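Spelled out, the chains give:
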Amino acid sequence: MGMSSLKLLKYVLFFFNLIFWLCGCCILGFGIYLLIHNNFGVLFHKLPSLTLGNVLVIVGSIIMVVAFLGCMGSIKENKCLLMSFFVLLLIILLSEVTLAILLFVYEQKLNDYVAEGLTDSIQQYYSDNSTKAAWDSIQSFLQCCGVNGTSDWMGSPPTSCPSDSQVKGCYVKAKLWFHSNFLYIGIITICVCVIQVLGMSFALTLNCQIDKTSQVLGL
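How each quantity is defined
- Residues numbered from 1 in each chain as written.
- Predicted model: local features only at pLDDT ≥ 70, side-chain atom pairs only at ≥ 80, totals over all residues.
- Heavy atoms only, no water.
- Helix = DSSP H or I, 4+ residues; strand = E, 2+ residues; numbered from the N terminus.
- Rg over C-alpha atoms; globule rule 2.2 N^0.38 Å.
- Areas by Shrake-Rupley, 256 points an atom, 1.4 Å probe, with all protein chains shown as cover.
- UniProt positions renumbered as here; feature names shortened; annotations may be inferred.
- Expected span 1.5 Å × (residues − 1).
- Buried < 20%, exposed > 50% of the residue type's maximum accessible area, 1.4 Å probe, protein only.
- Arc of directions from axis to C-beta.
- Contact = heavy atoms within 4.5 Å.

Student: Sorry if this is basic, but what is going on with the overall build of the protein chain here?
Tutor: Looking only at helices and strands, one finds seven helices and zero strands in the protein chain. Overall, the protein chain shows an N-to-C arrangement of helices and strands of α-α-α-α-α-α-α. Its C-alpha atoms give the protein chain a radius of gyration of 23 Å, clearly above 17 Å, the size a compact globule of 219 residues would have. Seen through its principal axes, the protein chain has C-alpha atoms that stretch 80 × 35 × 25 Å. For the protein chain, the exposed surface amounts to about 13,500 Å²; the carbon and sulfur share of it is 71%.

Laid out in C-alpha cells, this is it:
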C-alpha cells in the first residue's frame, strides 16, 4: 500500500467518523431537549433513570467520544488514538452481541417485567406529573390506551386515549409494531454491526500502515 492509499484510507476513516460525530451531537442535543422539557417522563418507577432523554444522552455521548477518537487518530495518524478507537468499538460490538443474546434468552422474563412496570405506573398516573406526561405522550403517539386496553384505567380513561372502545393496549400495540417491523430492525442492526466492523478494520489497517511507513522513512 503506497502513500496515496494511506492518505485515502486516512481521509475515509476521518469523514466516516466525522459523520458519526455529527450524528452523536444530534442525538445528544435531542436527549438534552427531552430532559429539559420532560416530554416522556418516567414509565418505570423501579428504574426512574430509565427515560428516553437519559438513554439518548448516554448513546449520543458514547458515539461522540468514539467518533472523536477515530477522527483525531486518523487525521493525526496517532497510533494510540487509533487503537483506543479500535478497542472501544470492539467493546461496544461485544456488548451489543451480549445484549442480543440476553434479550433472546430472557425474552419472557423481560416481557413480564415490562408489563408489570407499566401496570404499576398506571396507578401513579394522577399523582405523578412525569408519569402522566409519559402515558399521554405514548397513548397519543401509538393511538393506544392503557397496558392491555381501556379496562386498565380505573373509571374513565384519560383524554389522551382514543375514543374507540375497541382500541388496543399500548403494550400489545408496541409488541405488534415490533414484530411487524422485525425484519427492518434486524437489517438496521446488521448494518450497524457491519459499519462497526469496517471502522475497526480501517483503524487496524491504518495503524499497521503507519508502522510500515515509519520503517520505510526510518522514523
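Having put the structure on the table, let's press on.
Student: Quick question: what am I supposed to make of the UniProt feature "transmembrane region" (unreviewed entry) in the protein chain here?
Tutor: Taking the UniProt record as the reference, the feature "transmembrane region" (unreviewed entry) is found at residues 12-36, 48-69, 81-106 and 182-206. Regarding residues 12-36, the helix share stands at 100% and the strand share at 0%, and the terminal C-alpha atoms are separated by 36 Å. As a span, residues 182-206 carries 100% helix and 0% strand, and end to end its C-alpha atoms are 36 Å apart.

Student: What is the right way to look at helix α4 (residues 107-122) in this model?
Tutor: Spacing of three or four residues puts side chains on the same side of an α-helix, whose turn is 3.6 residues. With 16 residues, α4 ought to run about 22 Å at 1.5 Å a step, and its terminal C-alpha atoms sit 23 Å apart, in line with that. Along α4, the positions that sit buried rather than exposed are Asn111, Ala115, Gly117, Leu118, Ser121 and Ile122. Down the axis, α4 shows its buried residues gathered within 165° of arc, on one side only. Facing away from the buried surface of α4 by more than 90 degrees, the exposed residues are Gln108 and Lys109. Taken together, the buried residues of α4 touch α5 (129-142) and α6 (170-180).

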